[in-house]
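Remarks on the overall topology
Spelled out, the chains give:
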Amino acid sequence: MASRLGNFFRAISLYDLWKGLDATLRNFFRDEVTVQYPEEKTPQSYRYRGLHALRRYPNGEERCIACKLCEAVCPALAITIESDVADDGTRRTTRYDIDLFKCIYCGFCEESCPVDAIVETRIHEYHMETPGENIMTKDKLLAVGDRFEAMISADKAADAKYK
Amino acid sequence: MTALIPQFAVDFWNSLPEMLRYLTVVTTQIGAVTVGIILTVAFATYFERKVIGFMQGRIGPNRVGPLGLGQPFADVIKLLIKEVVVPTESNRYLFLIAPLLSIVPALATWAVIPLSDEFVISDIDAGLLYVLSLTSMGVYGIILAGWASNSKYAFLGAMRSAAQIVAYEIAMGFALVGVLMAGGTLNLGGIVRAQAGGVSDWFLWPLLPLFLVYFVSGVAETNRAPFDVAEGESEIVAGFHVEYSGVAFAIFFLAEYANMVLISALASVFFLGGWASLFEGWTFLGDSFLREPSFFWLAAKIAFFMFAFFWLRATFPRYRYDQIMRLGWKVFIPITILWIALEGVMAWLEIGPWA
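The rules behind these values
- Residues numbered from 1 in each chain as written.
- Chains lettered and ligands numbered in written order.
- Predicted model: local features only at pLDDT ≥ 70, side-chain atom pairs only at ≥ 80, totals over all residues.
- Heavy atoms only, no water.
- Helix = DSSP H or I, 4+ residues; strand = E, 2+ residues; numbered from the N terminus.
- Rg over C-alpha atoms; globule rule 2.2 N^0.38 Å.
- Areas by Shrake-Rupley, 256 points an atom, 1.4 Å probe, with all protein chains shown as cover.
- Lys, Arg positive; Asp, Glu negative; His and termini not counted.
- Charge placed at Lys NZ, Arg CZ, Asp CG, Glu CD.
- Buried < 20%, exposed > 50% of the residue type's maximum accessible area, 1.4 Å probe, protein only.
- Contact = heavy atoms within 4.5 Å.
- 1 Å grid on protein atoms, 1.4 Å probe; cavity = no way out; pocket = protein on both sides within 12 Å on 5 of 7 lines; lining within 4 Å.
- Points joined across faces, edges and corners; volume = space filled by probe spheres on them.
- Nonpolar A, V, L, I, M, F, W, Y, C, P; charged D, E, K, R; others polar.
- Buried area = accessible area lost by both parts, 1.4 Å probe.
- Salt bridge = Lys/Arg side-chain N within 4 Å of Asp/Glu carboxyl O.
- Polar contact = N/O pair within 3.5 Å; in protein donor to acceptor, adjacent residues only side chain to side chain.
- Pairing = 2+ DSSP bridges.
- Core = buried A, V, L, I, M, F, W, Y, C linked by side-chain atoms within 4.5 Å.
- Phe/Tyr/Trp six-rings, centres within 6.5 Å; stacked < 30°, edge-to-face > 60°.

Quick notes on the overall build of chain A
Each helix and strand in chain A was counted, giving 6 helices and 5 strands. Along its sequence from the N terminus, chain A presents helices and strands in the succession α-α-β-α-β-β-α-β-β-α-α. Relative to the globule expectation of 15 Å for 163 residues, the C-alpha radius of gyration of chain A, 27 Å, shows a markedly less compact shape. Structurally, chain A occupies a C-alpha span of about 95 × 40 × 30 Å along its principal axes. Accessible surface, chain A: about 10,800 Å² in total, of which carbon and sulfur atoms supply 57%. Averaging the positions of the 23 positive and the 27 negative side-chain charges in chain A gives two centres separated by 7 Å.

Some thoughts on the overall build of chain B
Assigned secondary structure in chain B consists of 12 helices and 0 strands. Listing each helix as α and each strand as β along chain B from the N terminus yields α-α-α-α-α-α-α-α-α-α-α-α. Taking 20 Å as the expected radius of gyration for a compact globule of 355 residues, we find that chain B reaches 22 Å, a close match to that expectation. Overall, chain B is about 60 × 60 × 45 Å in size when its C-alpha atoms are taken along their principal axes. Within chain B, buried positions represent 49% of all 355 residues. Restricting the contact set of chain B to residue pairs at least 6 apart, pairs at least 24 apart contribute 75%. Accessible surface, chain B: about 17,100 Å² in total, of which carbon and sulfur atoms supply 70%. Mean positive and mean negative side-chain charge positions of chain B (19 and 25 charges, respectively) differ by 12 Å.

Comments concerning the layout of surface pockets
Its volume calculated, the largest pocket comes out at about 1,600 Å³. In this structure, the largest pocket is lined by 47 residues; those nearest its centre are A:Leu14, A:Leu17, A:Trp18, B:Leu212 and B:Val216. Broken down by secondary-structure element, the contributors of at least two residues to the lining of the largest pocket are α1 (2–12) and α2 (15–28) of chain A together with α8 (208–221), α11 (295–315) and α12 (321–349) of chain B. For the lining of the largest pocket, the leading source of residues is α12(B), giving 9 residues. Across the lining of the largest pocket, the residue classes break down as 40 nonpolar, 2 polar and 5 charged.

So, the interface of chain A and chain B
Every contact between the two is made by 14 residues of chain A and, on the other side, 15 residues of chain B. Here chain A and chain B share an interface that buries about 1,400 Å² over both sides, 68% of which is from carbon and sulfur atoms. Remark: the boundary between chain A and chain B carries 1 salt bridge. Note that A:Glu39 is salt-bridged to B:Arg63, the shortest N-O span being 3.2 Å. At the junction of chain A with chain B, the criterion picks out 8 residue pairs in polar contact (both at pLDDT 80 or more).

Examining empty space enclosed by the protein
A complete count under the given rule lists 5 cavities of 30 Å³ or more for this structure. Considered as a void within the structure, the largest cavity measures approximately 270 Å³ in volume. Lining of the largest cavity is provided by 20 residues; of these, B:Gly138, B:Ile142, B:Glu221, B:Thr222 and B:Asn259 occupy positions nearest its centre. Those elements that provide at least two residues to the lining of the largest cavity are α4 (92–108), α5 (127–148) and α10 (246–271) of chain B. Element by element, the count of residues in the lining of the largest cavity is highest for α10(B), at 6 residues. Taken together, the residues of the lining of the largest cavity break down into 11 nonpolar, 7 polar and 2 charged. A:Cys74, A:Ile79, A:Cys103, A:Cys106 and A:Cys109 are, among the 14 residues lining the second largest cavity, the residues nearest its centre.

So, the pattern of salt bridges
Applying the stated criterion to the full structure yields 19 salt bridges over all chains. Across the pair A:Arg10 and A:Asp16 runs a salt bridge, and its minimum N-O distance is 2.9 Å. Classification of A:Arg10 as partly exposed rests on a relative accessible area of 42%. B:Arg49 is the salt-bridge partner of B:Asp75, the closest N and O atoms lying 3.1 Å from each other.

Description of the sheet that holds strand β2 (residues 79–85) of chain A
Residue and element names in this part refer to chain A. If you walk across this open sheet you meet the 3 strands as β2-β3-β5, and the pairing is antiparallel. Of all strands in the sheet, those bounded by a partner on one side alone are β2 and β5 (135–136). Here β2 runs beside strand β3 (residues 91–99); their pairing, made up of 7 bridges, is antiparallel. What sits directly across from Ser83, in β3, is Thr93.

A word on the nonpolar core
Among the nonpolar cores identified, the biggest contains 77 residues, and B:Trp110, B:Ile113, B:Leu188, B:Tyr214, B:Phe270 and B:Phe271 are the most heavily contacted of them. With 14 residues, the top contributor of residues to this core is α10(B). Membership of the second largest hydrophobic core comes to 25 residues, among which are A:Ala53, A:Leu54, A:Val115 and A:Met136.

Brief notes about the packing of aromatic side chains
Given two aromatic rings, their pairing is described by the distance between the two centres and the angle made by the two planes. Residues and elements named next belong to chain B. Across all of its chains, the model carries 23 aromatic pairs over all chains by this definition. A centroid spacing of 5.4 Å and a plane angle of 75° characterise the contact between Phe47 and Phe310, whose relative ring orientation is edge-to-face. In this pair, Phe47 sits in helix α2 (residues 18–55) while Phe310 sits in helix α11, placing the two residues 263 residues apart along the sequence. Judged by its relative accessible area of 0%, Phe310 falls in the buried class. Following the ring pairs from residue to residue traces out a cluster consisting of Phe211, Tyr214, Phe215, Phe270, Phe271, Phe304, Phe305 and Phe309.

Comments concerning the environment of B:Ile324
Residues and elements named next belong to chain B. In this fold, Ile324 is placed in helix α12. For Ile324, a relative accessible area of 0% puts it in the buried group. For the pair Ile324 and Gln164, spaced 160 residues apart in sequence, the C-alpha separation works out to 7.5 Å. Setting aside its immediate chain neighbours within four residues, Ile324 contacts Gln164, Tyr168, Phe227, Val229 and Tyr319.

Laid out in structure tokens, this is it:
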């Protein structure tokens, strides 16, 4: 009886409804969590795995020695490598393609690389406009590497002590 | 002010026949009020999106113009240049007349609402009856829209909203009976004047349950969340206006928001002393305009109720249909009848506002 009476007063005083209204009103005065994307960006880890790049040594020599470990480890079979002897007698890739549609951005290629040639940069804002652009050829990968070498080496240095 | 008007204009004005002068004045007033309401509605949509955004930890519109203030105009322009699609099997005439039937009562009711002590377009004695009869007209627009669309969803939405509006109309009417008992008049200006004297004289206090019933019924009447089963997008797409697009849809939208502003204005007039100031007796405020009863206070009260509409929408989930019916018939109507009886006793014993 007493609990029924209690329920009745609880219902008639709209207690539960006021509680709900209180919750929304408190949130009304709380700071917004929205990130205004193109102008503001959320913090990003130096381990971010985005667009791939092929690196060079500071003297301009390609790091990649065509060992094909990345091709072998790639779980999505996204990497295709063909190799030959270059003019200076070293082993070099003649073809190094990564299909970005197949790639699952797991970072195994970067892990397996003995010379830190293939890396995944923290670039995540890229797009394709025509079919075929999803294939990152050797030239495109090297171009990305050349352009962002400063950022890549800084990220590598930051991560080095955990390896 | 008068000195600014050149003499020939004054002479011309005085030379006009009485009827024409009256018509000009009234038409100007109607135009001013209508434009004011339409602008209010435009910014109410902006206000709503901001309020709900803030309550959900978001920012709301902020891209069009400074602070996103251009958003309503962008929306209006978009709706105006879109095509009005008329379904092939629909009843064309009714389909196009339905939006008008819902906007006209929402705007026409403003004729009797006193915006300040001096300004009311038509100061008729039976203002409350006029308000009741015109707000009931709004349901025809919805029913006709649902019927003429020749769509099951639209028809179901119309049926739901018709049943709901009829149910809550009764509770609303009873709540207003309480107001007219307390005010002793059907004239809206008279009701406001009966509340003069300060915050403690407002009808809000002796009629608190009626006030709550009135406002909640108003939310149900305008088909707003949490009573928006007429739209119920998870079940019946968008309810009665599924088939509407472009300007026809814009008019329904306008009518819904105009009705919200109207319910807010009526709630302020009936229970919160209309244009009366919140700080009536606060002498330490000096001669500030805040102490003066003015249109500003009515606008502030309307803004508060609009905020309450959005607050409710951001807080509560949609009622189930049978719960809506239960609340309307089994809770609100008994409460109002009980309170009217109690009010009769209070009036008999001369306590409260009848002392």
